[in-house]
Amino acid sequence: MLQAIGVASPSVSFSDHYNKFSVSSIRSFPVIRSDSRLISVSGSVHGSFKPKKVIAKATATQTESSASAASKPGHELLLFEALREGLEEEMDRDPRVCVFGEDVGHYGGSYKVTKGLAEKYGDLRVLDTPIAENSFTGMGVGAAMTGLRPVIEGMNMGFLLLAFNQISDNCGMLHYTSGGQFTIPTVIRGPGGVGRQLGAEHSQRLESYFQSIPGIQLVACSTVYNAKGLMKAAIRSENPVVLFEHVLLYNLKERIPDEEYVLSLEEAEMVRPGEHITILTYSRMRYHVMQAAKTLVNKGYDPEVIDIRSLKPFDLYTIGNSVKKTHRVLIVEECMRTGGIGASLTAAINENFHDYLDAPIVCLSSQDVPTPYAGTLEEWTVVQPAQIVAAVEQLCLIHISSYTHSLAFPTMTSSSNWRRKLFDLSMKYSVQTRLLVLNFYVKKRKNLGCLRVSEAENLGSSWKVGHYEKFLDRVDVGRDRRISDESWLEVECY
Amino acid sequence: MAQLTRRTTDLLKPFSAALSSTRLLTTTSTTPITVETSLPFTGHKIDPPSRSVETTPQELMNFFRDMALMRRMEIAADSLYKAKLIRGFCHLYDGQEAVSVGMEAAITKKDCIITAYRDHCIFLGRGGTLLECFAELMGRKDGCSKGKGGSMHFYKKDSGFYGGHGIVGAQIPLGCGLAFAQKYSKDENVTFAMYGDGAANQGQLFEALNMAALWDLPAILVCENNHYGMGTAEWRAAKSPAYYKRGDYVPGLKANGMDAFAVKQACKFAKEHALKNGPIILEMDTYRYHGHSMSDPGSTYRTRDEISGVRQERDPIERIRKLVLSHDLATEKELKDIEKEVRKEVDEAIAQAKESPMPDPSELFTNVHVKGFGVEAFGADRKELRAVLP
């Protein structure tokens, strides 16, 4: 019996800019339920609906008005409620699913993910453990070896470092070392990431430490929709899965379908298709990237944003297709620079798709420092949208200079008659980018010709003069000239 | 029952009339007062010490003032947190002040103390200033960790306070390490490694205890049993909530943690024991009025009646107040004046801390590594360019 899985389809329309989608391919894979009914589950849907929805809510999602809310399908809830819903549905479906963790039962969970479950399922199924992470993780692995499906919660991902041995050796390796006799269908989940001034020990990103462990799968959820889907998929998976949630994302609100759905653990999500550059990200940085994407779109760039979701193994199929299209990659992550997810991803993309890259892969990660408590310092530790915008422009700059390169270099041999070269540095490239190119030529003591300023910009010439003069004192910005119906700014340098 | 020495009171009465404002200074008389602890000690594999504690009027007044200061500081931190000047995690110690104050009275600054994240008052007890405390809580440059640590990372090396740790139970092996160093350098000091009833179920505690007992390290493990590990009551987390007995082969002593003199006696006794015979576990039966941290209301797992009941019957500051009044060391009004003075001091410190600037952005990269000894071509952060011979 096939159950159709629906996806909420918002009827909001956006500008033409977002109209070009990649052809969506809804992949189905049958999932055998424990009562042996076949259901067809769709993987993440490419293009069509999701990108529109996410772009509108680049940072925290807003609640829609009640009038429109009533007419839309699905129901609205917060991310921690979605996790709870997923967990509850799985616990209803399969009596072997149980939860271990500190304060998950009577207290309801420190982030309310397991609120109400202990009253419903009893104290043994939603077990309040003492503060002994190493031991209760080990207990979970032992229970899994006999067939139970524990969901082990670390109150904060940082505490799971105490359980590292159990996760690495027992969780990851037992299936292999026993020759396939035991499967360890555990889910290890918890909030991690840099929060609001939680201090160094409570702001850890463990994905980089866990990624080398053979035998486990890592997934990071970022939206309400994929939180529920990934939770369910992780519980149903026969492999040990570490589900990374983020402390700051628990209160995101979104509308998700009423129907049951499960997402694939190994698939990346196409958040926003584009042409110029591929931005790979996961978890909270997705929202920083989408915020930067708004700015970039205004500046004329078309970034393709992919939420990789699966941190181990990487979905090189989606990523590869994207790299083949855009030829530039920017990785934005919250991990540390050294040995982080970005570092592995850079290596993987370089190995597999080197020929398709026009520029070196840029990886923006957190600073390699313990997260300081002071708010201003903590902001500097993680990647901010402004840095993402600057990085994209840097990457696309290579495109500009290769273009101007081809214009300028044929006549570079004789500088005296090399004047009045026209450069197409239209306003779609930011001031910094244009100034970088200017700087390049100024250093070579060349006389620049005219800098074309696009007609659309309606700024006074004093602004333009001021900008360039401030930056390069060897540039004499002349008057505006009009050539046909475009205005050109004459720039001469010594 | 307090045993009064008639001589002291007769001496003090004429003074009280004439020099009421300076009477506190004149009670620097070291005429001893003997106080009895509220409850007897219970021992595990050891003979508990006697209930009579020697003290002086000066010490009593100091206890009162210090505890009032700590209480006031924690309440001020509560309102600062609600005003969003302190963010993240903030674990408050009010109700448990007697442990810190009693311990300080029994030891010197050369002895080491290490504790978990409920460390503001212990930091104060070790000699930290209010300004350093509030500045660190607000993330400013003048904080004890330059604003980079936060509430859970207070340290004071020169007076033997080793923090300030966020991960539950991780400070106990560190404490045994401090004890090891003390034994190594034979300096006749001890280490107090403090932890809570929640951490008492951590495996690393027993590992560290085994090693301390094996090598006779001068480590004293102090369990501040406030009966709740965040939201879980002790009977739901531990099969045996008699934490002083959990050491099995290591002797233990249980004291009433709301009575500063019981704590003082226990710590003094423990120090003597540890220097001769190796580790000992102390259990301080105490209580916290606030929730686990500021994000925990503290009332979902316990009733308000329970909290107010403890506050009425066992409050540490009230006990000292009654002792002071019954020994006629100060009047009600003077005690109230001390409290007002303390409040003023806290307010001034907060104002001063608020003016302190946020740390400079370059501080993000300082203190990650220590600069090398000069022979490397590159530093650990690869900022050095040339080999520099020392």
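Residues numbered from 1 in each chain as written. Chains lettered and ligands numbered in written order. Predicted model: local features only at pLDDT ≥ 70, side-chain atom pairs only at ≥ 80, totals over all residues. Heavy atoms only, no water.

## Details of empty space enclosed by the protein
Residue and element names in this part refer to chain A.
Reasoning step 1: If you walk through the whole model with that rule in mind, you get seven cavities of 30 Å³ or more.
Reasoning step 2: Looking at the largest cavity, its volume works out to about 100 Å³.
Reasoning step 3: In terms of lining, the largest cavity is formed by 15 residues, of which the most central are Gly192, Gly193, Glu207, Glu245 and Ser283.
Reasoning step 4: Examining the composition of the lining of the largest cavity, we find that three residues originate from one element, strand E9 (residues 241–246), more than from any other.
Reasoning step 5: In terms of residue class, the lining of the largest cavity is built from five nonpolar, five polar and five charged. (1 Å grid on protein atoms, 1.4 Å probe; cavity = no way out; pocket = protein on both sides within 12 Å on 5 of 7 lines; lining within 4 Å. Points joined across faces, edges and corners; volume = space filled by probe spheres on them. Helix = DSSP H or I, 4+ residues; strand = E, 2+ residues; numbered from the N terminus. Nonpolar A, V, L, I, M, F, W, Y, C, P; charged D, E, K, R; others polar.)

## Things to note about the interface of chain A and chain B
Reasoning step 1: Each partner contributes to the interface: chain A provides 33 residues, whereas chain B provides 40 residues.
Reasoning step 2: In this assembly, chain A packs against chain B so that about 2,800 Å² is buried in total across both faces, 64% of it on carbon and sulfur atoms.
Reasoning step 3: Of all residues in chain A, A:Tyr107, A:Ile131 and A:Tyr373 bury the most surface against chain B, accounting for 25% of the area lost on that side.
Reasoning step 4: The tally of links between chain A and chain B comes to one salt bridge.
Reasoning step 5: Taken together, the links from chain A to chain B amount to twelve residue pairs in polar contact (both at pLDDT 80 or more). (Contact = heavy atoms within 4.5 Å. Buried area = accessible area lost by both parts, 1.4 Å probe. Salt bridge = Lys/Arg side-chain N within 4 Å of Asp/Glu carboxyl O. Polar contact = N/O pair within 3.5 Å; in protein donor to acceptor, adjacent residues only side chain to side chain.)

## Description of a nonpolar patch on the surface
Residue and element names in this part refer to chain B.
Reasoning step 1: A grouping of Phe180, Tyr184, Met211, Leu214 and Trp215 is seen on the molecular surface, where their side chains present a nonpolar patch of about 590 Å² in accessible area.
Reasoning step 2: Elements with a contribution of two residues or more to the nonpolar patch: helix H7 (171–184) and helix H8 (203–214).
Reasoning step 3: As for its placement among the helices and strands, Met211 is situated in helix H8. (Patch = residues over 30% accessible without salt bridge, like charges linked within 9 Å, V, L, I, M, F, W, Y side chains within 5 Å. Areas by Shrake-Rupley, 256 points an atom, 1.4 Å probe, with all protein chains shown as cover.)

## Considering the UniProt feature "domain: Transketolase-like pyrimidine-binding" (unreviewed entry) in chain A
Reasoning step 1: In this numbering, the UniProt entry assigns the feature "domain: Transketolase-like pyrimidine-binding" (unreviewed entry) to residues 77–252 of chain A.
Reasoning step 2: Between the end C-alpha atoms of residues 77–252 of chain A there is a gap of 8 Å, over a span that is 36% helix and 18% strand. (UniProt positions renumbered as here; feature names shortened; annotations may be inferred.)

## So, the pairing of strand E15 (residues 329–336) of chain A
Within a regular strand, side chains alternate between the sheet's two faces.
Residue and element names in this part refer to chain A.
Reasoning step 1: Of all the eight residues making up E15, seven are buried; the element is thus mostly covered by neighbouring parts of the structure.
Reasoning step 2: For strand E12 (residues 277–281) and E15, the ladder comprises four bridges, and the chain directions are parallel. In the sheet register, Thr278 faces E15, and the bridge partner there is Val329.
Reasoning step 3: Here four bridges tie E15 to strand E16 (residues 362–366), and the two strands are oriented parallel to one another. Its bridge partner lying in E16, Ile331 is registered against Cys363.
Reasoning step 4: What joins E15 to E16 is helix H11 (residues 341–353), and the crossover it makes is right-handed. (Buried < 20%, exposed > 50% of the residue type's maximum accessible area, 1.4 Å probe, protein only. Pairing = 2+ DSSP bridges. Right-handed = clockwise from strand over helix to strand, strands pointing away.)

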